[in-house]
Amino acid sequence: MRVAVLYSGGKDSNYALYWALKQGFEVKYLVSMVSESDESYMYHVPNIHLTELQAKTVGIPLIKGFTSGEREKEVEDMKAVLEGLKIDGVVAGALASEYQKRRVDRVAGELGIQSFAPAWHRDPVEYMRELIGIFDIVMVGVSAYGLDERWLGRRIDERALEELVELHEKYRIHVAGEGGEFETFVRDAPSFKARIVFDEVEKRWDECSYSGVLEVKRAHLKKKQT
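Draft legend 1. Representation of the sheet that holds strand E1 (residues 2–6) within the structure. Ordered by their spatial adjacency, five strands build an open sheet running E3-E2-E1-E4-E5, and the pairing between neighbours is parallel. Because the sheet does not close on itself, it has two edges, and the strands there are strand E3 (62–67) and strand E5 (114–116). Direction aside, neighbouring strands of the sheet carry axes that sit 25° apart on average. Where strand E4 (residues 89–91) and E5 come together, three bridges link them in parallel fashion. Bridged to Val90 within E5 is Ser115. Here helix H1 (residues 11–22) sits on the sheet in contact with E1, strand E2 (26–35), E4 and E5, set at roughly 165° to E1.

Written as structure tokens, this is what we have:
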């Protein structure tokens, strides 16, 4: 099974990659859609440029697609990228978004390939606990009451998960951020030959919208200790 993984650099797309490799699929490509719009309905935006480093350390070719982020048109932009690849399937990190999954499924159907979403409808707490045990995850975007500037750049560990559960109970925040409450980046994973180290970052916080991003300006690969 030759597949492409829709890859943003965050926790869900890295889980999709991890799952595909565990299945024994031949992951031919990582596909990153670069959106001009911060309000994209389909695609992760913060630090999408760092997927180049991730692809380098995992050793899988990265295909970049570009889109204005216009609703529905951005789905066709993804289709245009996928239809040029010799693959049998596409793997996505969808967890609870019917909007995203239906559109990926539709595109796959139109291209005559299979669609996989290994995290689909997983229990959020159980899912996050599994991810914490596999990856080094850092929060790079927040957009929900209860998640303040201090969360930007924070590693998601068991303590952070406990706090996310508390915020869910208080403010109904989705524990895995599937409602757009937060965005993540994976600095290390089992398939990475080297881990990613942030050299220079800038926090951008908007008090009016109670949202912000951690912009990674420079990063490098550091060889893992054997």
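Draft legend 2. The arrangement of the sheet that holds strand E7 (residues 182–188) in detail. The strand order across the open sheet built from four strands is E7-E6-E9-E8, with neighbouring strands paired in antiparallel fashion. At either margin of the open sheet sits one strand with a lone partner, and together these are E7 and strand E8 (194–206). Mean inter-strand twist for the sheet, computed between neighbouring axes without regard to direction, equals 25°. As defined by bridge partners, strand E6 (residues 136–142) adjoins E7 across six bridges and the pair is classed as antiparallel. Bridge pairing in E7 places Asp136 opposite Asp188.

Draft legend 3. Structural view of the pairing of E6. Among the seven residues in E6, seven count as buried, and that is most of the element. Relative to strand E9 (residues 211–223), E6 is paired through two bridges, and the arrangement is antiparallel. Its bridge partner lying in E9, Gly141 is registered against Val213.

Draft legend 4. Highlighting the packing of helix H3 (residues 73–82) against helix H4 (residues 98–111). Running from N to C, H3 and H4 cross one another at 40°; their axes reach a closest spacing of 10 Å. The angle between H3 and H4 falls in the class oblique. Crossing handedness for the pair H3 and H4: right-handed. Side by side, H3 and H4 meet where Val75, Glu76, Met78, Lys79 and Leu82 of the first sit next to Arg103, Val104, Arg106, Val107, Glu110 and Leu111 of the second. A class-by-class count of the residues in the contact of H3 with H4 yields six nonpolar, no polar and five charged.

Draft legend 5. Main features of the pattern of salt bridges. Per the stated rule, a full pass over the model turns up 27 salt bridges. In this structure, Glu26 and Lys28 form a salt bridge, with 3.5 Å as the shortest nitrogen-oxygen distance. Since its relative accessible area comes to 42%, Glu26 is described here as partly exposed. By relative accessible area, Lys28 is classed as partly exposed at 29%. Residue Glu215 pairs with Arg204 through a salt bridge whose shortest N-O separation is 3.1 Å. Here Glu215, found in strand E9, pairs with Arg204, found in strand E8; they are eleven residues apart in sequence, far enough to count as distant. The exposure class assigned to Glu215 is partly exposed, which follows from its relative accessible area of 26%.

Draft legend 6. Layout of the environment of Val81. Examined against the element boundaries, Val81 turns out to sit in helix H3. Under the relative-accessibility criterion, Val81 is labelled buried at 16%. In the structure, Val81 is positioned 17 residues away from Lys64 in sequence and 8.1 Å away in space, judged by C-alpha atoms. The residues contacting Val81, other than those within four sequence positions of it, are Val31, Met33, Ile63 and Gly65.

Draft legend 7. Layout of the packing of aromatic side chains. Under the counting rule described, the total for this entry stands at ten aromatic pairs. Here the aromatic rings of Trp19 and Phe25 are separated by 5.6 Å at their centres, their planes lie at 85°, and the arrangement is edge-to-face. Aromatic side chains Trp19 and Phe116 sit 5.7 Å apart centroid to centroid with 45° between the ring planes, which places their arrangement in the tilted category. Placement of Trp19 in helix H1 and of Phe116 in strand E5 is noted, with a sequence separation of 97 residues between them. Cluster of aromatic residues (ring-pair linked, three or more members): Tyr15, Tyr18, Tyr127 and Phe135. Positioned above the aromatic ring of Tyr99 is the side chain of Arg103, whose terminal nitrogen or guanidinium carbon lies 3.6 Å from the ring centre.

Thresholds applied
Residues numbered from 1 in each chain as written. Predicted model: local features only at pLDDT ≥ 70, side-chain atom pairs only at ≥ 80, totals over all residues. Heavy atoms only, no water. Pairing = 2+ DSSP bridges. Helix = DSSP H or I, 4+ residues; strand = E, 2+ residues; numbered from the N terminus. Axes fitted to C-alpha atoms, helices over the stretch in contact; angles between N-to-C directions. Contact = heavy atoms within 4.5 Å. Buried < 20%, exposed > 50% of the residue type's maximum accessible area, 1.4 Å probe, protein only. Parallel < 35°, antiparallel > 145°, perpendicular 65-115°, else oblique. Left-handed = near helix turned anticlockwise from the far one by under 90°. Nonpolar A, V, L, I, M, F, W, Y, C, P; charged D, E, K, R; others polar. Salt bridge = Lys/Arg side-chain N within 4 Å of Asp/Glu carboxyl O. Phe/Tyr/Trp six-rings, centres within 6.5 Å; stacked < 30°, edge-to-face > 60°. Lys NZ or Arg CZ within 6 Å of the ring centre and 35° of its normal.

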